[in-house]
2 protein chains.
Amino acid sequence: MFILKLMMVTLSEENYLKAIYHLGRLGSLSVSTNAIADRINAKASSVTDMIKKLAEKNLVNYVKYQGVSLTEQGRITAATVVRKHRLWEVFLVEKLNFRWDEVHDIAEQLEHVKSEKLVSKLDAYLGYPTRDPHGDPIPDKDGNIKSIEKSLLSQLRLNDSCVCVGLIDSSSDFLKYLDKNKIALGSNIQILSKESFDDSMTINVDGNIINISQQISNNLYVKIK
Amino acid sequence: MFILKLMMVTLSEENYLKAIYHLGRLGSLSVSTNAIADRINAKASSVTDMIKKLAEKNLVNYVKYQGVSLTEQGRITAATVVRKHRLWEVFLVEKLNFRWDEVHDIAEQLEHVKSEKLVSKLDAYLGYPTRDPHGDPIPDKDGNIKSIEKSLLSQLRLNDSCVCVGLIDSSSDFLKYLDKNKIALGSNIQILSKESFDDSMTINVDGNIINISQQISNNLYVKIK
DNA sequence: ATTAATATTTAGACAAAACTAAATATTTTA
DNA sequence: TAAAATATTTAGTTTTGTCTAAATATTAAT
Ligand SMILES: [Mn+2]
Ligand SMILES: [Mn+2]
Ligand SMILES: [Mn+2]
Ligand SMILES: [Mn+2]
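The notes below deal with the structure included here. (Residues numbered from 1 in each chain as written. Chains lettered and ligands numbered in written order. Predicted model: local features only at pLDDT ≥ 70, side-chain atom pairs only at ≥ 80, totals over all residues. Heavy atoms only, no water.)

## Concerning the coordination of the manganese ion (ligand 3)
Residue and element names in this part refer to chain B. Note on the manganese ion (ligand 3): its protein donors are His85 (NE2), Glu89 (OE) and His104 (ND1). The metal-donor distances range over 2.0 to 2.2 Å. Counting residues between consecutive donors of the manganese ion (ligand 3) along the chain gives the motif H-x3-E-x14-H. The buried category is assigned to Glu89, whose relative accessible area is 1%. (Donors = N, O, S within 2.8 Å, 3.2 Å for Na, K, Ca; no water. Buried < 20%, exposed > 50% of the residue type's maximum accessible area, 1.4 Å probe, protein only.)

## A word on the packing of helix α1 (residues 11–26) of chain A against helix α3 (residues 44–56) of chain A
Residues and elements named next belong to chain A. Interaxial distance between α1 and α3 falls to 11 Å at its minimum, and their mutual angle equals 100°. One element, α1, and the other, α3, form an angle in the roughly perpendicular class. Of α3, the residues touching α1 (which contributes Ser12, Glu13, Tyr16, Leu17 and Ile20) are Ser46, Val47, Met50, Lys53 and Leu54. Classifying every residue of the contact of α1 with α3 by side-chain character gives 6 nonpolar, 2 polar and 2 charged. (Axes fitted to C-alpha atoms, helices over the stretch in contact; angles between N-to-C directions. Helix = DSSP H or I, 4+ residues; strand = E, 2+ residues; numbered from the N terminus. Parallel < 35°, antiparallel > 145°, perpendicular 65-115°, else oblique. Contact = heavy atoms within 4.5 Å. Nonpolar A, V, L, I, M, F, W, Y, C, P; charged D, E, K, R; others polar.)

## Concerning the pairing of strand β6 (residues 201–205) of chain B
Residues and elements named next belong to chain B. Here β6 lies mainly inside the structure; 4 of its 5 residues are buried. Between strand β5 (residues 188–194) and β6, which pair antiparallel in sequence order, lie 6 residues; one of them, Asp199, sits at a positive phi of approximately 60°. In terms of strand pairing, β6 meets strand β7 (residues 208–212) through 5 bridges, oriented antiparallel. Bridge pairing in β7 links Ile203 to Ile210. Here β6 folds back onto β7, and the loop between the two strands holds 2 residues, one of which, Asp206, carries a positive phi near 50°. (Pairing = 2+ DSSP bridges.)

## Looking at the relation of the copies chain A and chain B
With an RMSD of 0.0 Å, the fit of chain A onto chain B corresponds to turning through 180° and sliding 0.0 Å along the axis. One copy is carried onto the other by what is essentially a two-fold rotation axis. By C-alpha distance to the rotation axis, the residue of chain A lying nearest is A:Leu110, at 3.7 Å. By residue overlap, the copies meet face to face through one surface: 100% of the interface positions of chain A are interface positions in chain B. (Least-squares fit on C-alpha atoms with pLDDT ≥ 70 in both.)

## Re the sheet that holds strand β4 (residues 161–167) of chain B
Residue and element names in this part refer to chain B. Strand order in this open sheet of 6 strands is β3-β8-β4-β5-β6-β7, and the pairing throughout is antiparallel. Of all the strands in the sheet, just β3 (151–152) and β7 have a single pairing partner and so form its edges. Where β4 and β5 come together, 3 bridges link them in antiparallel fashion. If you follow Val163 over to β5, its bridge partner there is Asn188. Of the strands in this sheet, β4, β7 and β8 (220–224) are in contact with helix α7 (residues 172–180), which crosses β4 at around 150°.

The analysis is restricted to geometry; functional conclusions fall outside its scope.
What follows is the structure, given as structure tokens:
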């Protein structure tokens, strides 16, 4: 008979796994100690300590001085936390009428609540959403995400038409900027002019003509029509 | 100008305050070290340590060897945690369709999520409930509860009629027993016979005739009609 | 190819929250 | 009222997660 030793993952360990998950998603397979430290607001030495513990638990692959990557088990654990984070964000916005710039910090707490049944009931209650309020994909039960085709708004050409589908930066400041300029997920955008000097552009967003800097267009994911 | 130093209360501290709150509510004003230790599944020495810390923070009144009681600040902090616990239990039962015997452990986690706005929005979303799924009162924003008049079913006399309004024991086992016997909050109950030997009684619950032991009638709060 | 700069790890310390074992105080019982 | 029993506190450890400072390794620059 098998003894199923189910591993306890602490809140802190979950946060490290999540950081490695997000960093690995953008950059290379191997994530650096400093990158984790920056993201998690900890010192590099603390990161090294934690990485060793995670390696001991077979949640990460770790070679001294060579960075760290998630094992399959670590990837699933991290994705499950991300799944919970994003489901709770949907709940907060859709059901409790929070604004999209208010939900992240609360979701950072809710994502650590442990109950598989809670997650699956919440998922059902929300109608099995696939995207969170910021356009980020919600991993499924097995930790898999289905990515959609998208480009950065800054990459489009004059007169191209597109729909806003996601953001790179989801900081409160950026979200408030978007609110102020009436740019939201689902907004229809057409590029009316591009300034080659500073790469700013004039766009038509759902009928409103506005000018946006390159920092903005570099942080908006769109789907070309 | 005033410097408002807002106190950070840890998860562990919240649990101790809650234990003292519940114990003080039933028994005397002063709660014993051992009673807390029992309730919280810790050793008495750990309780002493924590009590000292809480006294330092002005959350409890503590005199060595004489037990502990909540200060006004401690009472409000504890009541706020209880409020959150019970609101989340309502959410889990009313919105996510959990059974009343499944929600306690999840609420034990959710009660520690820190966000005043979340609590007030959740409260509104649930329609400002005053009782949780087990009939326990939900403290308001200021930590006050309005108690209703109620008696123990075991205290009633032959032929008395009443409505079930609450429970003393909310353990999963007891809740499942009640489910099996179709006893729920709001059930109409009439006492058909009482056995003086063992204090068991035959009752009519919403049309079903059943026999219950004294342990059961001692754990059911009712409102006499 | 050295040196300088940067990144990472090690060593040692600390705070929080728990524990065990021993000491002390309070309460009960005879 | 003096033991005996019980309750509470103290002293000393442990684990987890963090930190600073110092040592070491890697990478970049001359
Ligand atoms: Mn978020
Ligand atoms: Mn998000
Ligand atoms: Mn409960
Ligand atoms: Mn309850």
